[in-house]
Amino acid sequence: MSPGEALRTARIAVDQHMTKKLDDEHMWHEETATDILLSTASPRIRYKAFGKDHEKEHGADWLWCWVDRDGTTFCLLVQAKILKRAPSGKRWTIDFAYKTRGDKEHRPQISKLIAASDRYEAAAAYVLYCGDPEYRATLECDRRHDGAPCRERQRVGVSAVSALVAENAVTYYGRDAGVAAFHTAVPVEDIAGSDNLDTPIVPLTRGLPEDLAHFLRQPQRGARRAAKELLRPVEQIRAGQFSTATLERAAPAAGALFPDLPADRGHFSVPYLSHMLRGLRAETPGYVRDVMEGRTPPAWVTAHLAGIVLVTDADAQPATGGWIADSASGPVENRTSSAMTPGTRGAA
């Protein structure tokens, strides 16, 4: 089983949990959904849990690591969020700007997540638990995906989005930040890679090093594919920002696969290419290898994370030659609840 197939199976289990909670007129919780996602994806995708006290200080949860067979690794610091519907059914939110109670600096969690990712020289992102299409029936988005309304997209019940995309949504979309982020979120199984070749990314910045230009142009697998799929929406946002791309170079991250990156930040809070690609490394970090080999990582790692998720052999091909079916009775996304009418389930 490939990582993408394992995550698809796990996403279906989370979809079923969310649908059941909604049918029972309850909402699901991030921690429970994450437990289901990881436990179902195991043992193909391994995980090692640490503690929970980290969130008050850092606003971050899990470090996801894609590790290829040649040791190339992509690390992503992740926090879980829920796409929430207001009782009116007309407003949708994701609490990116939530401020942790007791934080003396009153920083929103999104700022703390981006700052905390510096510790691991990783990219920062969110895993979004978005419910089923019936739950999203009143979500209004004027953009479409392959001809379908945004709310009817398949496989997006569990999706991921870069923290830079979320930050941009909060800054420029205000009350509609949740919808804007959901629109650009990528299904978790697609990040791991599918049978489809990923399309080229055309960067705004010119004069890139040839190895980076090749990475953006050519199809990728494994750790490189994960980094590229999360970078894609960020690059699309940057292309629409009216500011000149700088040719200055960012400080290189230790062991980065692409050490020579532009310092261009556009309207983001940090140089976006450096932030998104610093977690893509030529070798596996020692604390990740500790988990791979059954050892406990150093205290500076365990004290600040809920745990580490390991997607090993991330560049393995799908064994079936295609995606597995969602379930014997048909895709979860096409099921509707007979207990409640559309738009009444799970109002926050």
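Everything that follows concerns the structure shown earlier in this document.
Summary of the structure given here. These numbers come from a predicted model, not from an experiment. (Residues numbered from 1 in each chain as written. Predicted model: local features only at pLDDT ≥ 70, side-chain atom pairs only at ≥ 80, totals over all residues. Heavy atoms only, no water.)

Here we look at the overall build of the protein chain
For step 1, the next point in the chain: Scanning the protein chain from terminus to terminus reveals twelve helices and twelve strands.
For step 2, the next point in the chain: Per-residue burial over the protein chain gives 56% buried out of 348 residues.
For step 3, the next point in the chain: Accessible area for the protein chain stands at about 14,900 Å²; split by element, carbon and sulfur atoms hold 51% of it. (Helix = DSSP H or I, 4+ residues; strand = E, 2+ residues; numbered from the N terminus. Buried < 20%, exposed > 50% of the residue type's maximum accessible area, 1.4 Å probe, protein only. Areas by Shrake-Rupley, 256 points an atom, 1.4 Å probe, with all protein chains shown as cover.)

Comments concerning helix α1 (residues 3-23)
For step 1, the next point in the chain: Over its 21 residues, α1 runs 30 Å from end to end, which matches the ideal 30 Å to within 8%, given 1.5 Å per residue.
For step 2, the next point in the chain: Along α1, 16 of the 21 residues are buried, which leaves the element largely enclosed by surrounding structure.
For step 3, the next point in the chain: Of the residues flanking the end of α1, it is Glu25, one or two places downstream, whose phi is positive at about 65°. (Expected span 1.5 Å × (residues − 1).)

A short note on the packing of aromatic side chains
The geometry of two aromatic rings is summed up by the distance between their centres and the angle between their planes.
For step 1, the next point in the chain: In total, this model carries eleven aromatic pairs according to the counting rule given.
For step 2, the next point in the chain: Seen from their ring centres, Trp28 and Tyr135 are 5.4 Å apart, and the 70° between their planes marks the pair as edge-to-face. Taken as a pair, Trp28 in the loop between α1 and α2 (30-41) and Tyr135 in the loop between β6 (123-129) and β7 (144-145) lie far apart in primary sequence, 107 residues in all. For the pair formed by Trp28 and Tyr135, the shared burial category is buried.
For step 3, the next point in the chain: Geometrically, the ring pair formed by Trp66 and Phe74 is tilted, given 6.0 Å between the ring centres and 35° between the ring planes.
For step 4, the next point in the chain: Geometry around Phe182 places Arg153 over its ring, the cationic atom sitting 4.7 Å from the centre. (Phe/Tyr/Trp six-rings, centres within 6.5 Å; stacked < 30°, edge-to-face > 60°. Lys NZ or Arg CZ within 6 Å of the ring centre and 35° of its normal.)

What to know about the side chain of Gln241
For step 1, the next point in the chain: Following the sequence through the fold, Gln241 ends up in the loop between α9 (222-239) and α10 (272-277).
For step 2, the next point in the chain: Assessed through its relative accessible area of 8%, Gln241 is described here as buried.
For step 3, the next point in the chain: Of the polar contacts made by the side chain of Gln241, one reaches the backbone nitrogen of His267; its length is 2.9 Å.
For step 4, the next point in the chain: Apart from residues lying up to four places away in sequence, Gln241 is in contact with Asn168, Gly266, His267 and Phe268. (Polar contact = N/O pair within 3.5 Å; in protein donor to acceptor, adjacent residues only side chain to side chain. Contact = heavy atoms within 4.5 Å.)

Re the side chain of Glu235
For step 1, the next point in the chain: Within the secondary structure layout, Glu235 lies in helix α9.
For step 2, the next point in the chain: Lacking a salt bridge, the buried Glu235 has Arg238 as its closest oppositely charged neighbour, with an N-O distance of 6.4 Å.
For step 3, the next point in the chain: Residue contacts for Glu235: discarding those within four places in its chain leaves Ile201, Val202, Pro203, Leu204, Tyr272 and Leu273. (Lys, Arg positive; Asp, Glu negative; His and termini not counted. Salt bridge = Lys/Arg side-chain N within 4 Å of Asp/Glu carboxyl O.)

What about unusual backbone geometry?
For step 1, the next point in the chain: Following Ser42, the chain continues to Pro43 via a peptide bond in cis, the omega torsion being 10°.
For step 2, the next point in the chain: If you trace the backbone, Pro43 turns up in the loop between α2 and β1 (46-49).
For step 3, the next point in the chain: For Glu121, which is not glycine, the phi torsion reads 50° and is therefore positive.
For step 4, the next point in the chain: As for its position among the elements, Glu121 is in the loop between α4 (109-120) and β6.
For step 5, the next point in the chain: Residue class for Glu121 comes out partly exposed when judged on its relative accessible area of 26%.
For step 6, the next point in the chain: With phi around 70°, Arg155 is a residue other than glycine that occupies positive phi space.
For step 7, the next point in the chain: Assignment of secondary structure puts Arg155 in the loop between β8 (148-149) and β9 (158-162).

Some words on the state of the cysteines
For step 1, the next point in the chain: Counted under the stated rule, the structure contains zero disulfides.
For step 2, the next point in the chain: Cysteine Cys141 remains unbridged, with the sulfur of Cys150 as its closest cysteine sulfur at 4.0 Å.
For step 3, the next point in the chain: A relative accessible area of 17% means that Cys141 is categorised as buried. (Disulfide = S-S within 2.5 Å.)

As for the nonpolar core
For step 1, the next point in the chain: Within the largest apolar cluster, 97 residues are counted, with the highest numbers of intra-cluster contacts made by Leu63, Trp64, Trp66, Phe74 and Tyr129.
For step 2, the next point in the chain: Residues contacting Trp64, with those up to four places away along its chain left out, are Leu7, Leu37, Leu38, Phe74, Cys75, Leu76, Val78, Val309 and Val311. (Core = buried A, V, L, I, M, F, W, Y, C linked by side-chain atoms within 4.5 Å.)

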